[in-house]
Structures are given as structure tokens and as C-alpha cells.
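These are the residues of each chain, in order.
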Amino acid sequence: MSSDKLAIGASQDAAQIPSRAAAGAPKRGRASETTPRRTTSRTATDGSIPSTSTRALHGEMSGPELRWAADASGETGSFSGFLEQLSGSLGLGIVLAREDGRVVQANHIIARDFPGVFTGGRQFSEALDEASVVDLHSFSFLAGPAGEEIARRVLHGGTLRRQLGESASRKHFSHFFFPVAWGSESLHAHCLLSIQPEKQLFDAYRSNLEQLTSMSEVIDLFFESMSSGDVINLILVAVTASQGFGFNRAFFLEVTGDHLMGRLGIGPADAEEAHRIWSRLADSDITLRETLNLFSRAGGPPDLATQRLVRLISLPLEEDAAAGNEGESRILRACRDRRPVRVTGSSTSSPIDRNLFGMLGTDALAVVPLSVQDRLAGVLLADNFITGRTITQDDLHLLKTFAGYAAMALERSHLHDELTRHLEKLRRANHDLQTHQQRLLQAEKLSALGKMAACVSHEIRNPLVAIGGLTRSVLSDWSGSDDSREALEIVVGEVERLERFLNETLTFVRPTTRAHEPVDLVEIVSGVLHTFRDEIQRRNIRLQVELPAEPVRMSADPDLLRGALSNLIRNAQDALRSKGRMRVRLEVRSGLVEISVGDTGPGIPEELRHLIFEPFYTSKDDGTGIGLAITQQNIRNLGGNITLEDDEEYSTLFKIRLPLGTLTVDRSRE
Amino acid sequence: MKKILIADDEVSMRKLYERELAKEGYEIITASNGKEAMEKVRQEIPDLLVLDIRMPGMDGLHTMSCILEENDELPIIINSAYSSYKDSFMSWTADAYLVKSSDLTELKSTVATVLENRSVCL
């Protein structure tokens, strides 16, 4: 069959060709041998094209009424004249070409539609290119590989063109060809049939398909969008994106109380910006989802001017009755009717509408109410203020379908938002509860510590006062040996130390307002360090002291600070035992004094770091566990705070921060 | 010579105050509890009372209110091992509130000041 030139190879498409009669021809064997009308055919033609196919054509057409009169003479016309007539009445352009593709001749339709293009001797495919012909389908009557091979050779040097041109200047033709014999020569008859209407239908179909695809993508995205912010973002992106509904601008108005308030807008501010954005987008092959992700990451659309504009929109939902029917707002009417409409500047006399048109600088708006179960959630406004493209009925129809999904997604997102808020509230409440529980626990510990300390303090203080007081009394009029005086003085000193300790403990239990006095912090730090100097030297600890050269003055209770510093330095000294480094530093920075005490001892294990300020917690064998608790209390009473810092050089680094300004005792901290 | 009544349940404490305040030139009488203090105030009519708070039986604050009912002219210095009673409104009626210390400098100066103020008032 592949070698059979007459066989009809293009299956169904072949039925469309004018030579429908060919279907009547035998499909196997040479027609010249099988057809009984061979003779007739010969007489019917002028002999110039004794082709099997023309005979077949003729065969169908023959009969008494087919005595065609090609001219006034009444003589039977030539076959080529017949073909001209036939193809002319069908609007079919025919080009005869040799097997090597060179054009032999073309009929008058071709001459009319493509003047000077399909000239004799020219390559058919070349001429086809020049004619800007775009074929919806090319097919040959030859089936199988041989037909395809010919098609390849004849058309475009190997490519069967099936593309649809986008340019309006291209002409859309259906192209098919079949072999004919011209005497001893084999020719191809290429037929070109205009398919412009079909092309338009096809385009419409394709555009519908694209819209459906976009809609389906948008719906998918609606399902993924959770918060109302995301949903509104998506609505506006879908309405304005070229992969969506392709409007220039879109605004979302939200029902807030008895008003429609502008919430979010998207789109360029003016033609210049539009050009900039659209030309950039034209180069990128970005999907709707990607655009959306881009906005989500940026926290919303980047159109700042449009954002400002939308914030200005505020429409009352209930119209002033005085407006009457004349001045009734068509926008608000659409909202009441829950029906999308197109409103133009000239179609409304309502001051509300006109005001909005003026504000947005547009003269036509698509107004799409979003409602769920008749409850209005918001309104979508869209326009083409840059391109001026008319908003069509089709646009409204699509937007209506879209609005249904959008409203549902919006409703769901509101529920989601509410749930999220409640969840967050619960989470916070839970967190507060835990914090309070911890504070309560701490308070209980402090209270227990207080009771114990008060009791112990009383039992010890009285004897101490007696010992110390009487010793002082004895010393005051001492006339004995200097050696004994020194011993008595030591007793007085030690008693003093114990009393100081008790004072600190009692202070911790019940902090009292003490008078603040002007002090020099540098002096205090130096003084405290001085009391440790001997011990530090004895233990071979390398001490680094960094103090400002100038005095750092503030109003404070020096005893509180001395107590805190002594504790920190004693701890550092105990941690180092007999080696390592200690650093004490005082710095002033932006209204704060930072005093840090660091040591290179073993450090505090990560899991214990949160416990160190707890009363009764200690890592020392002989510790009371109240040192750091007292230190923290003292610093808080000074209006500052103390933290354990992470530091690369010092395994343990405490930092005290004190405000240089006001230093009143903040009792609310207790 | 001004007469000072020391009320403290601990004998060593009484001894200390007696010894030290006598050195300052005051006449010292003592009481070992609240009840005794009240009696001594009535009988001896001191110029100043130095009162401990924590005493067995009637505590210092109670004693003070009883004494003040009879004689609201008597200056009183509270001398306690606790600083926490400072906040008690009862203690506000005292002329001074001191936390006990082996260093009696503050007590001595307070005694002098209170006595001086009172003599000015009278």
C-alpha cells in the first residue's frame, strides 16, 4: 500500500478534501487498471493530465449533467479549466509541484491570496515560508513511512509544521497534498484551504482551557492557604497575574462594622511602573504559585503606592436614603445583590461610585462581592486602568465562579485565624501559669529561708552583741599588754564579720529600704579586692583588674554592692583553688555600669546553670547555698541585674549591670 | 543625771548596756521582762526606755503600748536583733528603732539625741 500513489493515506482527514470522490476509487492496485471508466476519462480530459487521480475525480463527477461549459462557446472546457472552477468555488488554493519540490503552476486562488509567491520553479516550502502560512495540520494522502518521507522532503526540509503562529499577520491554512501524474511525470498537488474561523475557535477553546487550568491551580492554592492574609493575597494575585485573570489592578475591601474598608491592593501605581514590572515578568516564566510564594516571603505585595491607596477606601454599607434611586451606588447595589457587575464611570451617577472612580483613577471596575451563605465577607474590585482593556461578560462570569471559591476560602481562613488566636492565647496562659508556678516555688523557698534565718539570726546575734560589745568595752579602757589588746581586737573584728553575715542574711529575708549615698564604684571594687588580695596571692591566682581611671559615681547602698562583689570574688577564688586566672572588670557603657567577675576554674555545668541563683543550691562542700541568692537580691535592690554569661576565655563569668541614673529600690521585683 | 531603763531578757545584754551607758554618764536601771519594765517605769520614772522586742511573756511592742497608755511622754528606743519589726506600725510610735550591734556607737548617739530632743520639747 505504501507504494500505491492512489491509495488514500490520510484516513479521516481525507474525507475533508474536495476530492471526496476519491474515496470511491479502489484502494488497491492501479486505478488505471481497475477502473472501468478508463476510456471515458481519457476522452473527458484534454489529455494533458492523464492522471489516475483526476480520472478518479472525474469518474465521480462524470455523468450527463457534468458536461461543464467552461466558456460561452459551449465547448467542453479543458480539465485545468474545470479544476480552476471547482477549486475557485471551494476557495481552495492549489499548487502543483514536482517531486523535488519545485513549483510548476498555481491556480488563481493562490495567485489572489499570495501574489507573486508561488511562482514557477520556486521551492514550494520556501514559498510557503514567505507566505507566512501557518498550518493547523498538514497531511498527505500517502500513508505510512513513504508518505511521511515525501512530506518531510517537500515541506520545510524535514519538519512538518504544526505550530500555531501567535502573530496576527500569519495566515492560517490547512495544507494537504496528493500525488498526481502528469504524463510521465509525477507531481504533487498541494492544496491550501483557509482555516481562519477554525483558528479563532481553536484560540477561544485554548484560552478557555488555560482559564480552566488557572482556576484549578487557584483552587488548589486556596486549599493550601490558611490565614486570611494568605487567602486575600492569593485572591489578588490570581486576579492580576497574567497566568490568572490578567487584570491590571485588584483591591480587596473587607466588611468592618458597617463599612467596607480597603485592606489590600495589588498592581502598579502608574503606566511607567506597569511597564517596568510587566516587562520584567514577561522574561520570567514564573507560575502563580511562585508569584504567591514571592509575596508571602516579602510579607505582602510590593506595590506600596497601591497599598496606600487601598487604605483610603471606606464605603458605608448602608446608603443614605436621600440618595434615591438616581444616585444609588451600583457598587453597593452589587454587594447587596451578591452579584458581580461591571460599573463604568458613565453608568453611575452615585457620588459614592464617582468618588471611588476618582480616587482610583479608573473609569471601569469589575465589582465582585464575596459572600458565604448570604453573609458578605468582602468585595473584590478589579480594573484595567493601564491597558484600558474592556471588562467583558466572560470576565464577570469567570470572576463569579472564582468568587465562590474565594469566599469559601476566606470564611475558612477567618475560622483558622480565630483558632490560631485562641491557641496562642492558651499557649500564653499556659506559659504564664508555669512562670507563676515557678515564682511561687521560689517565693516559698525564700519564705522558708526567711523563717530559718530570722530564727538563727536572733539566737546568734544576741550572744554576738554581748561578746563583741563587752570586748569593745574592755578594750576601750585597756591598760594591759599590747599582745592581749591585739587578741581582743581580733575578737571584735571576727564578731563584726559574723554580724555582717547576719545582716546580709536578714537583708535577704526582708529587704529594707536603706539610704542610698553617693559612692564611687571604682573605690568600692578596689576596696573589696583589697580584702581578698592576700588570699589571692597566697593561692597563686593571677588577678587581672580592669578599672576606669576616673571615679564612677552613683547613688547606692555601698554595703549591698560590697556584699554582692565579695560573694562573686570569693566564689571565683574558691573555684580556682591554687591556680588559674581571675579577672575583675568595671566598664561604663550607655548609662549602664557593668561589673564582671570571671575565673578560669572548672565552670558551671550546663544543666546546673539555671539553678545557681536558687537559695540553698550549692556546689561547695561547705557552702550554705545562699551566697548567689543574696548577691542577686542585693543587685536587684540596687535596681540592676546579674547574669551568668557564656564566655570563651572565662569558664565562669558573672556580669552585674547597674543603671547609672535612678537607683531607687524597686520593691515590685521581690 | 538622766535615768535610763534597760529592758532585755538576757543578762549579758543588760550587763553590756549598763556598763557602756554608765560610762556615758547616765544612771542605769534594768528590767528582765515586760511586766517588770512597766513596774520600773511607774516606780522609778526613768527619762528614757531602751526596749528589746523579743522577750518571754509580754513582748516589747506590747509592753510599749501598755507603758504609753500610762505615760505617753516617755521616750522609747527599740533595740532589737530583728530588723523586720521596723515595718510594724507599732514600732513607729517609738522614738528610734535600732538593730542590735556589738558596736554601741549608734546606740549611744541615738540615746543622746533622743534625750536632747525631749529636753528641748519639754
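Residues numbered from 1 in each chain as written. Chains lettered and ligands numbered in written order. Predicted model: local features only at pLDDT ≥ 70, side-chain atom pairs only at ≥ 80, totals over all residues. Heavy atoms only, no water.

Draft legend 1. Region of the structure containing the sheet that holds strand E8 (residues 314-316) of chain A. Residues and elements named next belong to chain A. In space, the six strands of this open sheet follow the order E8-E7-E6-E11-E10-E9, with antiparallel pairing throughout. Two strands bound the open sheet, and with one partner strand each, they are E8 and strand E9 (341-344). Sheet twist, expressed as the mean angle between neighbouring strand axes with direction ignored, is 30 degrees. In this sheet, strand E7 (residues 259-266) lies alongside strand E6 (residues 249-256) in antiparallel orientation, the contact comprising seven bridges. (Pairing = 2+ DSSP bridges. Helix = DSSP H or I, 4+ residues; strand = E, 2+ residues; numbered from the N terminus. Axes fitted to C-alpha atoms, helices over the stretch in contact; angles between N-to-C directions.)

Draft legend 2. View of the pattern of salt bridges. Enumeration according to the criterion identifies 38 salt bridges over all chains in this entry. We note a salt bridge from Glu-594 of chain A to Arg-657 of chain A, for which the minimum N-O separation is 3.6 Å. Remark: Arg-657 of chain A occurs in strand E18 (residues 652-659) and Glu-594 of chain A occurs in strand E16 (residues 592-599); sequence separation between them is 63 residues. As far as burial versus exposure is concerned, Glu-594 of chain A and Arg-657 of chain A are alike and both buried. Here Lys-108 of chain B ties to Glu-20 of chain B by a salt bridge, and the two come within 2.7 Å at their closest N and O atoms. Note that Lys-108 of chain B is positioned in helix H5 (residues 105-121) and Glu-20 of chain B in helix H1 (residues 11-23), a separation of 88 residues in sequence. (Salt bridge = Lys/Arg side-chain N within 4 Å of Asp/Glu carboxyl O. Buried < 20%, exposed > 50% of the residue type's maximum accessible area, 1.4 Å probe, protein only.)

Draft legend 3. Here's a closer look at the nonpolar core. Residues and elements named next belong to chain A. Core analysis: the largest hydrophobic core is formed by 41 residues, its most contacted members being Phe-222, Val-239 and Phe-402. Residue assignment for this core shows that the elements contributing at least two residues are helix H8 (196-224), helix H9 (228-240), E6, E7, helix H11 (288-298), strand E10 (364-372), strand E11 (375-383) and helix H15 (393-476). Among the elements that line this core, the one with the most residues is H15, at nine residues. Among all residues touching Val-239, those that are not within four sequence positions of it are Phe-245, Gly-246, Phe-247, Ala-250, Leu-380, Ala-382, Leu-399 and Phe-402. Of all hydrophobic cores here, the second largest spans 38 residues; its members include Ile-524, Val-528, Ala-564 and Met-582. (Core = buried A, V, L, I, M, F, W, Y, C linked by side-chain atoms within 4.5 Å. Contact = heavy atoms within 4.5 Å.)

Draft legend 4. Geometry of a nonpolar patch on the surface. All names here are of chain A. On the surface, a nonpolar cluster with roughly 230 Å² of combined accessible area is contributed by Met-452, Val-456 and Ile-460. With respect to the secondary-structure elements, Met-452 resides in helix H15. For Met-452, a relative accessible area of 43% puts it in the partly exposed group. (Patch = residues over 30% accessible without salt bridge, like charges linked within 9 Å, V, L, I, M, F, W, Y side chains within 5 Å. Areas by Shrake-Rupley, 256 points an atom, 1.4 Å probe, with all protein chains shown as cover.)

Draft legend 5. Spotlight on the confidence of the model for chain A. Residues and elements named next belong to chain A. Of the residues in chain A, 74% reach a pLDDT of 70 or more, and the chain-wide mean stands at 75. Across residues 154-168 the pLDDT falls below 50, and counting only partners more than four positions away or on other chains, this stretch makes 42 contacts in the model. In this model residues 508-513 is a low-confidence stretch, pLDDT under 50, and it forms 17 contacts with partners more than four residues away in sequence or in other chains. (pLDDT = per-residue confidence, 0-100.)

Draft legend 6. Expanded view of the interface of chain A and chain B. The partner chain B presents 18 residues to the 20 residues of chain A that form the contact. Summing the contributions of chain A and of chain B, the shared interface buries around 1,800 Å²; its carbon and sulfur component is 54%. Inspection of the region where chain A meets chain B yields two salt bridges. In this structure, Arg-472 of chain A and Asp-103 of chain B form a salt bridge, with 3.8 Å as the shortest nitrogen-oxygen distance. Put simply, chain A and chain B have 10 residue pairs in polar contact (both at pLDDT 80 or more) between them. Among the secondary structure elements, those contributing two or more residues to the side of chain A that touches chain B are H15 and helix H16 (482-509) of chain A. Sort the elements by how many residues they give to the side of chain A that touches chain B and H15 of chain A lands first, with 15 residues. The residue makeup of the side of chain A that touches chain B, split by class, is eight nonpolar, seven polar and five charged. (Buried area = accessible area lost by both parts, 1.4 Å probe. Polar contact = N/O pair within 3.5 Å; in protein donor to acceptor, adjacent residues only side chain to side chain. Nonpolar A, V, L, I, M, F, W, Y, C, P; charged D, E, K, R; others polar.)

Draft legend 7. Focus on the confidence of the model for chain B. Per-residue pLDDT for chain B has a mean of 88; in total, 89% of the residues score no lower than 70. When mean pLDDT is taken per element in chain B, strand E1 (residues 3-7) of chain B scores highest with 96 and helix H4 (residues 89-92) of chain B scores lowest with 68.

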